[in-house]
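Summary of the model geometry
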Amino acid sequence: MQDEHDPKDEPVRDDSKLDAEAERELAGVPEHLRDQGDDGDDESEQGVAKLAETVAKLNEELETARQEVLYARAETQNVRRRMEKDIADTRAYSATGFARDILSVSDNLSRAIDSIPEELREDGKFKGLVAGIEATQRELDRVFGQHGVTRVAAMGLPLDPNVHQAMMEIPNDEAEPGTVVQEMQAGYLIRDRLLRPALVGVAKKPD
């Protein structure tokens, strides 16, 4: 039986037409991507691996930069807080030196008032003078208060080495040992800082 499909009957393909069709299909495709075959696959895999490595490196650098930015921001905040505290302290305690120096004036006024005999306080000739000295003392105390300068409490309190300086022990059977029973010089605070300790005498048991 004769084969119905004789190769001789098949039309002959025109290789030039095939080449032309292939060129049209490849039109616009970069030259380095044509006919890569297995070598193209290898190069593609290498490219992907290199790209992944580059991305990983960039992510690492990005994380490092982010940490540095966070550290710099935290340090900036700390510096700002320190500056704000320094400014606040400067404002709050700017009068420290002046207040310490002016305490001697307050001491002298207090001594002057305490040294005036009672009879002179009622004497018409000295009554105005005494009133003037006392008014000056009150005004000075008011100015101290405006600047946060306050007197240290001492009399009748237990000795506090943070604000009291014991100068002597005084026999006393009415007060507990260690209690302040005499104040030789007033102590002062400026806000929460000690400006000058109170010089005091404390009780002790009689011999």
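Whatever comes next refers back to the structure up there.
Quick summary incoming for the structure in this document. (Residues numbered from 1 in each chain as written. Predicted model: local features only at pLDDT ≥ 70, side-chain atom pairs only at ≥ 80, totals over all residues. Heavy atoms only, no water.)

Here we look at the overall build of the chain
- When helices and strands are tallied, the chain shows five helices and six strands.
- Moving toward the C terminus, one meets the helices and strands of the chain in the order α-α-α-α-α-β-β-β-β-β-β.
- For the chain, the residues scored as buried account for 19% of the 207 residues in total.
- Counting only contacts in the chain whose residues sit at least 6 apart along the sequence, the fraction spanning at least 24 positions is 62%.
- Carbon and sulfur atoms make up 53% of the accessible area of the chain, which totals about 16,100 Å². (Helix = DSSP H or I, 4+ residues; strand = E, 2+ residues; numbered from the N terminus. Buried < 20%, exposed > 50% of the residue type's maximum accessible area, 1.4 Å probe, protein only. Contact = heavy atoms within 4.5 Å. Areas by Shrake-Rupley, 256 points an atom, 1.4 Å probe, with all protein chains shown as cover.)

Describing the environment of F126
- Tracing the chain through its elements places F126 in helix α5 (residues 124-146).
- The partly exposed category is assigned to F126, whose relative accessible area is 35%.
- Separated by 10 residues in the primary sequence, F126 and I116 place their C-alpha atoms 9.6 Å from one another.

Describing helix α3 (residues 96-114)
- The end-to-end C-alpha separation of α3 is 27 Å, in line with the 27 Å expected for 19 residues at 1.5 Å each.
- Among the residues of α3, T96, A99, L103, S106, D107, L109 and I113 are the ones counted as buried.
- Lining the buried residues of α3 we find α4 (118-121), α5, β1 (149-151), β3 (180-185), β4 (188-190) and β5 (193-196). (Expected span 1.5 Å × (residues − 1).)

Brief notes about the sheet that holds strand β2 (residues 164-171)
- Pairing is mixed across the open sheet formed by three strands, whose spatial order is β2-β6-β3. On the outer flanks of this sheet lie β2 and β3, each paired with one strand and no other. Put simply, the sheet's adjacent strands are angled 30 degrees from each other on average, direction ignored.
- Pairing of β3 with strand β6 (residues 198-204) involves four bridges; the strand directions are antiparallel. Residue E183 lies in a different strand from β6, and its bridge partner there is V200. (Pairing = 2+ DSSP bridges. Axes fitted to C-alpha atoms, helices over the stretch in contact; angles between N-to-C directions.)

Some thoughts on the sheet that holds β5
- Here three strands make up an open sheet; going across it, the order is β1-β4-β5 and the pairing antiparallel. Unpaired on one side and paired on the other, β1 and β5 mark the two borders of the sheet. Ignoring strand direction, the axes of neighbouring strands in this sheet form an average angle of 35 degrees.
- One ladder, built from three bridges, connects β1 with β4; its direction is antiparallel. Residue pairing in the sheet places V149 in a bridge with I190 of β4.
- The strands that α3 touches are β1, β4 and β5; relative to β5, the one it contacts most, it runs at about 40 degrees.

Brief notes about the packing of aromatic side chains
- By the definition in use, this model includes one aromatic pair.
- Aromatic side chains F144 and Y188 sit 5.9 Å apart centroid to centroid with 65 degrees between the ring planes, which places their arrangement in the edge-to-face category. Of this pair, F144 sits in helix α5 while Y188 sits in strand β4; the two residues are 44 residues apart in sequence, bridging distant segments of the chain. When sorted by exposure, F144 lands in the same class as Y188, which is buried.
- Lying across the ring of Y93, R193 places its NZ or CZ 3.7 Å from the centre. (Phe/Tyr/Trp six-rings, centres within 6.5 Å; stacked < 30°, edge-to-face > 60°. Lys NZ or Arg CZ within 6 Å of the ring centre and 35° of its normal.)

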